[in-house]
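Summary of the model geometry
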Amino acid sequence: MGVVIPLEESKNKLASVKPLVDLTRPDMERVNQLILSKAGSDVQMIPEVANHLISSGGKRLRPMLTLASASMFGYEGDHHIKLATSVEFMHTATLLHDDVVDESDLRRGKSTARTIWGNQASVLVGDFLLGQAFRMMVDVGSLDALDVLSTAASVIAEGEVLQLSVAKNMETTEDDYLQVIRAKTAALFAAAAEVGPIVAKTDKATRSALKSYGMNLGLAFQLVDDVLDYGGKSADLGKNTGDDFREGKITLPVILSYRRGTQDERAFWRNAIEKGESSDENLEKALGLITKYNGLGDTIGRATHYGTIARDALAPLPESPWKNALLEVIDFCIERLN
Ligand SMILES: C=C(C)CCOP(=O)(O)OP(=O)(O)O
């Protein structure tokens, strides 16, 4: 404990969401302090493992959504600080767990916790953070917020299990895929944005607007993430590109390219994904097919579509710097590609 997470680190990565970073800065300082204190434990290995990931420069996008979506309705208490911290803990727990499930070696440009402390410690520290998140929610005392975030926790786990059950199956449809990303990623974005209006005690329509904004932003975010896995640079992403292919994870660029392919090309995909023939040579070939069938371009098109729905969801809300900051986050999600 004691080291304050450098806000500058997140700021650089979020250059295109400067308004959100600037507006939430004082509250994010409080969130960062709370993150560090709630990651503490007398069991020494807990803060060691947790702080390895916590202090490695995540974007802190989700807690900023919670802060903004409370402050935009004039909320001035401290419940949003605790809920924003809970949201980031839920996210951190999923990262620790995901890296075990996916056997990933690199996260945020550093070795994953599982490569340093092992799978068991990663899973258990993830569980600890999840427990801490729920204690903070109870501390806030809003049953509605507890309902939204606990539902999100179950839905995220469902999404991860669903992903496992469709893995390595080339008959996975676009609808299956959307169901997975709606659950594993978008549900937390939606919950992060919905608990703001809950603590600010707004009407139901406003809650739904923020929830829809978060859900569609989350879909766009994950679609772009899946594009970056094929089209980005490992150094920018802090993780290895091509991992989805190597793991046999079926994402939209692959689904589109498979559906549009010739018989031979479809046989290639089945071999590569279902039988695990994922050599670098096959990754190159997969990239060639994805390019041939515009898999990345069309996935970006879908992301832009969800971005528009997110934008429309905020349209009925009164104009404010907070609203503009949330709108710019949509652009950031797409601009991450540049
Ligand atoms: C849902 C996904 C794609 C996991 C990574 O999320 P982020 O890209 O927000 O991760 P950090 O900034 O917290 O590292």
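Residues numbered from 1 in each chain as written. Predicted model: local features only at pLDDT ≥ 70, side-chain atom pairs only at ≥ 80, totals over all residues. Heavy atoms only, no water.

Per an unreviewed UniProt entry, the protein chain goes by the name Octaprenyl diphosphate synthase and belongs to Rhizobium oryzihabitans. As stated in UniProt under Sequence similarities (unreviewed entry), the record for the protein chain gives "Belongs to the FPP/GGPP synthase family." The Cofactor (unreviewed entry) comment attached to the protein chain in UniProt states, word for word, "Mg(2+)". (UniProt positions renumbered as here; feature names shortened; annotations may be inferred.)

Thoughts on the nonpolar core
In this structure, Y213 and L326 are the most contacted members of the largest nonpolar core, which totals 68 residues. Here this core gets nine residues from one element, more than from any other, and that element is helix α5 (residues 79-101). The contacts of Y213, once residues within four sequence positions are left out, are L65, A193, A310, A313, L314, L326, V329 and I330. Y177, A186, L256 and A303 belong to the second-largest nonpolar core, a separate cluster that totals 31 residues. (Core = buried A, V, L, I, M, F, W, Y, C linked by side-chain atoms within 4.5 Å. Buried < 20%, exposed > 50% of the residue type's maximum accessible area, 1.4 Å probe, protein only. Helix = DSSP H or I, 4+ residues; strand = E, 2+ residues; numbered from the N terminus. Contact = heavy atoms within 4.5 Å.)

Remarks on the site of the ligand
Near the ligand the following residues occur: G58, K59, R62, H91, R108, T185, F221, Q222 and D225. Within the side chain of K59, one N or O atom sits 2.5 Å away from an oxygen atom of the ligand. A per-element tally of the shell around the ligand places helix α10 (residues 204-231) first, with three residues. Partitioned by chemical class, the residues of the shell around the ligand number one nonpolar, four polar and four charged. (Near = heavy atom within 4 Å. Polar contact = N/O pair within 3.5 Å; in protein donor to acceptor, adjacent residues only side chain to side chain. Nonpolar A, V, L, I, M, F, W, Y, C, P; charged D, E, K, R; others polar.)

Observations regarding the pattern of salt bridges
Applying the stated criterion across every chain yields a total of 21 salt bridges. Taking the shortest distance from any N to any O, the salt bridge between E174 and R302 comes out at 2.7 Å. Separated by 128 residues along the polypeptide, E174 in helix α9 (residues 174-199) and R302 in helix α16 (residues 295-314) bring together distant segments of the chain. Judged by relative accessible area, which is 17%, E174 ranks as buried. In this structure, the salt-bridge partner of E194 is R207, at a minimum N-O distance of 3.0 Å. A residue pair is termed long-range when its members are at least 10 positions apart, and E194 in helix α9 and R207 in helix α10 qualify at 13 residues. Salt bridges here are not isolated pairs; linked through shared partners, they connect D102, D244, E247 and K249. (Salt bridge = Lys/Arg side-chain N within 4 Å of Asp/Glu carboxyl O.)

So, empty space enclosed by the protein
Using the criterion set out here, one finds four cavities of 30 Å³ or more in the structure. Empty space within the largest cavity amounts to approximately 110 Å³. Elements represented by at least two residues in the lining of the largest cavity include exactly α8 (143-166), α9 and α10. Sort the elements by how many residues they give to the lining of the largest cavity and α9 lands first, with four residues. In the lining of the largest cavity, the residues fall into six nonpolar, four polar and three charged. For the second largest cavity, the calculated volume is near 50 Å³. Along its surface, the second largest cavity is lined by H52, L53, S56, L96, D99, R107, K110, S111, T112 and A113. (1 Å grid on protein atoms, 1.4 Å probe; cavity = no way out; pocket = protein on both sides within 12 Å on 5 of 7 lines; lining within 4 Å. Points joined across faces, edges and corners; volume = space filled by probe spheres on them.)

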